[in-house]
Amino acid sequence: MLEEISKIKREIENTARNISSREDLDAFRVTFLARKGKIANLFARLREIPPEQKRDVGQQLNALRSFAEELFKEREKQLVESQKRKTPFLDYTLPGRELPIGHTHIVSRTIADIQSIFVRMGFSIATGPELESDYYNFETLNFPSDHPARDMQDTFFIKDDVLLRTHTSPVQIRLMESRKPPIRAIMPGRCYRNEVISARSHVQFHQVEGLSVDTHVTFTDLKSTLVAFAREFYGKSTAYRFRPSYFPFTEPSAEMDISCFLCHGNGCRVCKNTGWLEILGCGMVDPNVFKAVGYDPEELTGFAFGMGIERTAMLRHNIPDIRLIFENDARMLRQLG
Ligand code: PHE
């Protein structure tokens, strides 16, 4: 009997040690402390014990029961404590979670970078409406009446004489109409063309227009201004070339290329193996444009230029598809942050 008591005592110890839930605790009670549990069983067998040992065994059994009861209470208390610890606990002293900070969109940033260079060269910033009339978008810019850009195929018409501007050049006209020369301004803004959307073209894009008008503005001024810009924007060692071109509102007209900064002129996919990248259109303001805004073409000369922002951003950041710029996929935006 005494042997059995010490065996059950060990059993009680082991079982108590492994209690980790309410269920374990209950099982412990049922096994040892309940009316039909192991300790009650031993008490029942007290009858078989010879009278001279009864007192001693009885004492041992009482001690065993108190031992089990103590352990039960202790484990129960611990269980309640640990459950309390598991409930969510708010630490008001923790520093707050930082809110994710957004950043300027790649188009806005490119415009800002271009602007800051020209502002340092003495240009001011002007803007104009995105909805234009034929008069400002074409007529005053010396577009012949049969020019293909006037076709529905290329231009989004809203109503007969209301269209989405196809370039920022109408802002030149509005500026000259509203101010006396000298003028030195750049005009950033959104433009629209009825194009098939592809990796290289989109129905919406941005341009930065530039205009300088005064009494002795020359083609050399145009070149030196644009070369200074290109070296600042694309890097000091950028090589350049001007190719003759045609725009109705400038005469002579040119396109400016810079040496491909991706392959350093060796030829790559982006420069189509030419080593050159076209970055803008430019030219001397056509006398007809001056006449249209009431300026005297005998007295004044000027240069103008226009560059595509998305193209500029794509070159600078090696973005392969213009659609990525407008889709606003957060993974893309984050990379350009
Ligand atoms: N407006 C022209 C274009 O959209 C660009 C340009 C602007 C060319 C000013 C010459 C002078 O292509």
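Fair warning: this is a prediction, and the values are worked out from it, not measured in the lab.

*Asks:* Describe the site of the ligand, with residues and values.
*Replies:* Taken together, 14 residues lie near the ligand, and His167, Ser169, Arg193, Gln207 and Glu209 sit nearest. Note that a nitrogen atom of the ligand is positioned 3.1 Å from one of the side-chain N or O atoms of His167. Arg193 is positioned with one of its side-chain polar atoms (N or O) 2.9 Å from an oxygen atom of the ligand. Against a free-state accessible area of 320 Å², the protein chains account for coverage of 89% of the ligand. Sorting the residues of the shell around the ligand by element identifies α7 (169-178), β6 (204-214), β9 (276-285) and β10 (301-308) as the ones contributing at least two each. Of the residues in the shell around the ligand, the class split is five nonpolar, seven polar and two charged.

*Asks:* So what's going on with the environment of Ser6? Which residues, and what values?
*Replies:* If you trace the backbone, Ser6 turns up in helix α1 (residues 2-17). A sequence separation of 292 residues divides Ser6 from Glu298, and the C-alpha atoms of the two residues are 121 Å apart. Within the local environment of Ser6, its side chain forms a polar contact with the backbone oxygen of Glu3, the two atoms lying 3.0 Å apart.

*Asks:* I'd love a proper account of the sheet that holds strand β2 (residues 131-133), names of residues and values included.
*Replies:* Read from one edge of the open sheet, three strands run β2-β4-β3, paired in antiparallel fashion. Strand pairing shows two members of the sheet lacking a second neighbour, β2 and β3 (157-159), which therefore form its edges. Strand-to-strand, the axes of this sheet are offset by a mean angle of 40°, without reference to chain direction. Examined bridge by bridge, β3 and strand β4 (residues 162-164) share two bridges and lie antiparallel to one another. The residue of β4 that forms the bridge with Phe157 is Leu163.

*Asks:* Tell me about the pattern of salt bridges, and please be specific about residues and values.
*Replies:* Under the criterion given, the structure shown has 14 salt bridges. Among the charged side chains, a network of salt bridges with common partners joins Arg241, Arg243, Glu255, Asp257 and Glu278.

*Asks:* Just give me the short version of helix α10 (residues 309-317), but keep the residues and values in it.
*Replies:* Here α10 has its buried residues at Ile309, Glu310, Thr312, Ala313, Met314 and Leu315. Those residues of α10 that are buried are in contact with α5 (106-120), β6, α8 (219-234), β9, β10 and α11 (323-327). Just beyond α10, the residue with positive phi is Asn318, at close to 55°.

*Asks:* Give a description of the domain arrangement of the chain that names residues and reports values.
*Replies:* When its domains are assigned, the chain resolves into domain 1 (2-86) and domain 2 (106-335). One C-alpha centre belongs to domain 1, the other to domain 2, and the line joining them spans 91 Å.

*Asks:* Run through the environment of Glu255, naming residues and quoting values.
*Replies:* By the secondary structure assignment, Glu255 is in strand β8 (residues 250-259). By relative accessible area, which is 16% here, Glu255 ends up buried. Separated by 28 residues in the primary sequence, Glu255 and Gly283 place their C-alpha atoms 8.3 Å from one another. Beyond its immediate chain neighbours, meaning those up to four positions away, Glu255 contacts Arg241, Phe242, Arg243, Ser245, Phe247, Glu278, Leu280 and Gly281. Within polar-contact distance, the side chain of Glu255 engages the side chain of Ser245 at 3.5 Å.

How each quantity is defined
Residues numbered from 1 in each chain as written. Predicted model: local features only at pLDDT ≥ 70, side-chain atom pairs only at ≥ 80, totals over all residues. Heavy atoms only, no water. Near = heavy atom within 4 Å. Polar contact = N/O pair within 3.5 Å; in protein donor to acceptor, adjacent residues only side chain to side chain. Areas by Shrake-Rupley, 256 points an atom, 1.4 Å probe, with all protein chains shown as cover. Helix = DSSP H or I, 4+ residues; strand = E, 2+ residues; numbered from the N terminus. Nonpolar A, V, L, I, M, F, W, Y, C, P; charged D, E, K, R; others polar. Pairing = 2+ DSSP bridges. Axes fitted to C-alpha atoms, helices over the stretch in contact; angles between N-to-C directions. Salt bridge = Lys/Arg side-chain N within 4 Å of Asp/Glu carboxyl O. Buried < 20%, exposed > 50% of the residue type's maximum accessible area, 1.4 Å probe, protein only. Contact = heavy atoms within 4.5 Å. Domains from an automatic or database assignment.

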